[in-house]
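Coordinate analysis (summary)
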Amino acid sequence: MTAVDPDQARRLLERELERSAYQGAQPTWWDRASKAFLDWLASLRADGLDSPGVGHTLLVVAIVVLVAVAVLVVVARGVPRRRLRVTDDAVRGVFDDDDTRSADELLRSADAAARNGDWSAAVLDGYRATARGLGERDLVPDVPGATARAIAAAAARPFPALADELDTAARTFDAVRYLDTPADRSAAEAVVASARTIARTRPAADRSVTTTAVPS
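Residues numbered from 1 in each chain as written. Predicted model: local features only at pLDDT ≥ 70, side-chain atom pairs only at ≥ 80, totals over all residues. Heavy atoms only, no water.

1. Some details on the nonpolar core
Where we set the bar: Working definition of a nonpolar core: buried Ala, Val, Leu, Ile, Met, Phe, Trp, Tyr and Cys residues. They are joined through side-chain atoms within 4.5 Å. Burial classes follow relative accessibility: with a 1.4 Å probe on protein chains only, a residue under 20% of its type's maximum area counts as buried, one over 50% as exposed, and anything between as partly exposed. Elements are defined by DSSP. Helices are runs of H or I of four residues or more, strands are runs of E of two residues or more, and each kind is numbered from the N terminus. We call two residues in contact when some of their heavy atoms are within 4.5 Å.
Counting 35 residues, the largest nonpolar core has Val 94, Tyr 127, Leu 134 and Ile 151 as the members making the most contacts within it. Those elements that place two or more of their residues in this core are α4 (103-115), α5 (119-136), α6 (148-155), α7 (163-178) and α8 (185-200). With near-sequence residues (within four places) excluded, Leu 134 lies in contact with Leu 139, Val 140, Ile 151, Ala 155, Phe 159 and Ile 198.

Structure (structure tokens):
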């Protein structure tokens, strides 16, 4: 048998390891990254943890981990949305001080806004048309200074079958006006349709007029 010198043996071994049968045994990127991290941890000797360099490094690592966790939470759950909630202090009357339009004028304005795709304006004027119409029919007193929810609650007495519809329209109005929540087409059409429904509906015979002032 011919003797093999060390250099020849090394080359033969390298060629043998290049075969595909040995590729699966090579370390992956995760193996290399894990080993590097473990080697770094091992380099932090107990007597060196109080040094400024080590403390700064650990702080950077902690910040990176926290940021990564925050990003994962946002990706998994999405950005938290502001709750649809209106406080009593933020709510004002349905009408601005200089708004003297009639129910018909307000309804035409809501229709025009809807045709132009301005769904938020359609919601505002649509509900105002409801409120003005209730006042014009003497079904709800003190309409100009009343809030949307107060008007809906008072109107539920002469229109008990439409109580849920009135409440939904009032909540939509509040969301658009006080929370700056953009309205979509379905919301605008529902509010405008509600105004028309109430305008053509006869109030309950024994609840047609209420003498109690609406709370503002």
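2. A look at the packing of α5 against α8
For the record, the criterion: Simply put, an axis is a line fit to the C-alpha atoms, just over the touching stretch for a helix, and the angle between two N-to-C directions goes from 0 to 180 degrees. Any angle that is under 35 degrees is reported as roughly parallel, and any over 145 degrees as roughly antiparallel; angles of 65 to 115 degrees are reported as roughly perpendicular and all others as oblique. Crossings are assigned a handedness: left-handed for a near helix turned anticlockwise from the far helix by less than a right angle, right-handed for a clockwise turn.
Relative to each other, α5 and α8 sit at 15°, their axes nearing to 8 Å. On the basis of the axis angle, α5 is roughly parallel to α8. Both α5 and α8 take part in a crossing whose hand is left-handed. The segment α5 lies against α8, with Trp 119, Ala 122, Val 123, Gly 126, Tyr 127, Ala 129, Thr 130 and Leu 134 engaging Arg 185, Ala 187, Ala 188, Val 191, Val 192, Ser 194, Ala 195 and Ile 198.

3. With respect to the packing of aromatic side chains
Formally: Between 30 and 60 degrees the pair is tilted, below 30 it is stacked and above 60 it is edge-to-face, where a pair is any two Phe, Tyr or Trp rings, Trp via its six-membered ring, whose centres lie within 6.5 Å. By the criterion adopted, a ring carries a charge over it if an Arg CZ or a Lys NZ lies within 6 Å of its centre and within 35 degrees of its normal.
In total, this model carries one aromatic pair according to the counting rule given. Considering the side-chain rings of Tyr 127 and Phe 173, the 5.4 Å spacing of their centres and the 40° angle between planes classify their relative orientation as tilted. Remark: Phe 173 occurs in helix α7 and Tyr 127 occurs in helix α5; sequence separation between them is 46 residues. Among the residues examined, Phe 173 registers a relative accessible area of 0% and is labelled buried. Sitting above the plane of the Phe 95 ring, Arg 132 keeps its charged end 3.9 Å from the centroid.

4. Digging into unusual backbone geometry
A positive phi angle, near 60°, is found at Asp 138, a position not held by glycine. Residue placement: Asp 138 occurs in the loop between α5 and α6. Taking the relative accessible area as the measure of exposure, Asp 138 reaches 54% and is therefore exposed. The backbone of Asp 180 sits at a positive phi, close to 55°, despite the residue not being glycine. Residue placement: Asp 180 occurs in the loop between α7 and α8.

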